[in-house]
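Listed below are the residues making up each chain.
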Amino acid sequence: MSDQRFIIEMGMGNDLHGMDYTKAAGRAIQDALRHSSIPMFGALNIPHTEMRVQVTVAVQDPDQVDCAELAKTLPRGRAEVKAVFGGLNVTNPDTGEITVIAQAAVEAFMPMQA
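Residues numbered from 1 in each chain as written. Predicted model: local features only at pLDDT ≥ 70, side-chain atom pairs only at ≥ 80, totals over all residues. Heavy atoms only, no water.

Q: For the overall build of the protein, give the residues involved together with the corresponding values.
A: The secondary structure content of the protein amounts to 3 helices and 5 strands. The linear arrangement of helices and strands in the protein, starting from the amino end, is β-α-α-β-α-β-β-β. Viewed in the frame of its principal axes, the protein has a C-alpha envelope of about 60 × 25 × 20 Å. Looking at the protein as a whole, 37% of its 114 residues are labelled buried. The long-range fraction of contacts in the protein, counting pairs at least 24 apart against all pairs at least 6 apart in sequence, stands at 75%. As presented, the protein carries roughly 6800 Å² of accessible surface, and 52% of it is formed by carbon and sulfur atoms. (Helix = DSSP H or I, 4+ residues; strand = E, 2+ residues; numbered from the N terminus. Buried < 20%, exposed > 50% of the residue type's maximum accessible area, 1.4 Å probe, protein only. Contact = heavy atoms within 4.5 Å. Areas by Shrake-Rupley, 256 points an atom, 1.4 Å probe, with all protein chains shown as cover.)

Q: Would you mind going over the pattern of salt bridges in detail, with residue names and values included?
A: On inspection of all chains with the given rule, the structure shows 3 salt bridges. The partner of Arg5 in a salt bridge is Glu107, with the nearest N and O atoms 2.7 Å apart. A residue pair is termed long-range when its members are at least 10 positions apart, and Arg5 in strand β1 (residues 3–15) and Glu107 in strand β5 (residues 98–111) qualify at 102 residues. The exposure class of Arg5 is partly exposed, given its relative accessible area of 45%. (Salt bridge = Lys/Arg side-chain N within 4 Å of Asp/Glu carboxyl O.)

Q: Talk me through the nonpolar core; I want residue IDs and the actual numbers.
A: The biggest cluster of nonpolar side chains holds 26 residues, and the ones touching the most others in it are Ile29, Val55, Val57, Val65 and Val81. Breaking this core down by element, the ones donating at least two residues are α1 (21–33), β2 (52–59), α3 (67–72) and β5. Once residues lying within four places of it in the same chain are set aside, the contact partners of Val55 are Ile29, Leu74, Glu80, Val81, Lys82, Ala105 and Val106. (Core = buried A, V, L, I, M, F, W, Y, C linked by side-chain atoms within 4.5 Å.)

In C-alpha cells:
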C-alpha cells in the first residue's frame, strides 16, 4: 500500500553572518513547522510513528548541509531530509560578507486509511 501526502508546509531561514548552510536550513525547517498543527493523530488515535516526514531544503551549496543532523530535529514521524540546489547567497557589497538563505518544504505522508 502506498503513502498519501496529507500536508505540505513551506519555510524560509537564513544565516546572516556565519555562512552556515545547515543552520539556515534548520531555521527554514523550523519556520515551516511553526505553521502547522496536526490534530488528527489524537482525534483518530493514530500514533505519530505512522507518519513519514520528507523534508527538502534548498541552498546554494547542498553538500554543506548536514541532513542527518537536521532529521534529528524533527519532532514527529519517521523523518528524512535531503538538500538540493536552490535558495540564495546574498553578498553585502560593502563587506563581502555572504548571507545564506534557505528554503524548506516539509511534507507528511501516511499510509492510505480505510
